[in-house]
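# Fold and contact review
Read off the chains here:
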Amino acid sequence: MLATPYNLTREQLAALDMTSFETTTIWSDGIQTYEGTSLAALAELLGLTEGKILATAINDYTVEIPVSDAVEGGPIIAVLMNGEEMSVRDKGPLWIVYPLRFEQGLSL
């Protein structure tokens, strides 16, 4: 576990392996395509194997994400929705999105 916050720029995130998936959320209309860095890639970069990732939004809202969710095919830090950057008004500029495929056993 990291004792201090680790800050990455949007460009640093984009330099990690990017992935995409289609999913729906309760905050969007219908199926959308999200593209970004997987939490698995971030956890690997930081050497995390257990514990929680604290993600803080620009409005200081913080969420705890179990490192166990950082699996291949799991959630991503989306930088694009339907091929376009997301504005702050539209959940951007970054949004942690889970693929809503419940058979993977991800925490929601």
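Residues numbered from 1 in each chain as written. Predicted model: local features only at pLDDT ≥ 70, side-chain atom pairs only at ≥ 80, totals over all residues. Heavy atoms only, no water.

### Some details on helix α2 (residues 39–46)
Residue pairs spaced three or four apart in an α-helix point in one direction, given the helix's 3.6 residues per turn. To keep things clear, this is the line we draw: Exposure classes here rest on a 1.4 Å probe applied to the protein chains alone. A residue is buried below 20% of its type maximum, exposed above 50%, and partly exposed in between. Think of it this way: any DSSP run of H or I at least four residues long counts as a helix, any run of E at least two long counts as a strand, and we number them from the N terminus.
Counted residue by residue, α2 has six buried out of eight residues, so it is predominantly covered. Residues of α2 that are buried include every one of Leu-39, Ala-40, Ala-41, Leu-42, Ala-43 and Leu-46, and no others. The positive-phi residue at the C-terminal boundary of α2 is Gly-47, with phi of around 70°.

### Notes on the packing of aromatic side chains
Spelled out, the test is: Each Phe, Tyr or Trp ring, with Trp reduced to its six-membered ring, pairs with another whose centre is within 6.5 Å; inter-plane angles below 30 degrees give stacked pairs, above 60 give edge-to-face pairs, and intermediate values give tilted ones.
The full count for this structure, using the stated rule, is two aromatic pairs. Their ring planes at 80° and their centres at 5.6 Å tell us that Tyr-34 and Trp-95 sit as a pair that is edge-to-face. In this pair, Tyr-34 sits in strand β2 (residues 32–38) while Trp-95 sits in strand β7 (residues 95–97), placing the two residues 61 residues apart along the sequence. According to the relative accessible area criterion, Trp-95 is buried, its value standing at 13%. By the ring-pair criterion, three or more aromatic residues cluster together here, those being Trp-27, Tyr-34 and Trp-95.

### Here we look at the layout of surface pockets
The following threshold applies: Buriedness for pockets is judged along seven lines, at least five of which must meet protein on both sides within 12 Å for an open set on the 1 Å grid over protein atoms alone, while cavities are sets there where a 1.4 Å probe fits but cannot get out, and lining residues have an atom within 4 Å of a point. Grid points are joined across faces, edges and corners, and a volume is the space filled by probe spheres set on the points. Any residue outside Ala, Val, Leu, Ile, Met, Phe, Trp, Tyr, Cys, Pro, Asp, Glu, Lys and Arg is labelled polar, Gly included; the first ten of those are nonpolar and the last four are charged.
In this structure, the second largest pocket spans a volume of roughly 190 Å³. As for the second largest pocket, its lining consists of twelve residues, and the residues nearest its centre are Thr-19, Ser-38, Ala-40, Glu-72 and Gly-73. Looking at the lining of the second largest pocket, the elements with two or more residues in it are β1 (18–23) and α2. Grouping the amino acids of the lining of the second largest pocket by side-chain chemistry returns three nonpolar, five polar and four charged.

### Re the pairing of β2
Our working definition: Pairing between two strands is assigned when DSSP locates at least 2 bridges connecting them.
Summarising burial for β2: five of the seven residues are buried, a large majority. Where β1 and β2 come together, six bridges link them in antiparallel fashion. Directly across from Thr-19, in β2, lies its bridge partner Gly-36. Summarising the sheet, β2 and strand β5 (residues 76–81) pair through five bridges and their orientation is antiparallel. Residue Thr-37 lies in a different strand from β5, and its bridge partner there is Ile-77.

### Structural notes on the nonpolar core
To keep it simple, the criterion reads: By nonpolar core is meant a set of buried Ala, Val, Leu, Ile, Met, Phe, Trp, Tyr and Cys residues that side-chain atoms within 4.5 Å join together. Two residues form a contact once any of their heavy atoms are found within 4.5 Å.
Core analysis: the largest hydrophobic core is formed by 14 residues, its most contacted members being Leu-39, Leu-42, Leu-48, Ile-53, Ile-65 and Ile-77. Only α2 and β3 (52–56) provide two or more residues apiece to this core. If you tally residues by element for this core, the top one is α2, at four residues. Apart from residues lying up to four places away in sequence, Ile-77 is in contact with Leu-13, Glu-35, Gly-36, Thr-37, Leu-39, Leu-42, Leu-94, Trp-95 and Ile-96. Residues Phe-21, Tyr-34, Ala-78 and Trp-95 belong to the second largest nonpolar core, which totals seven residues.

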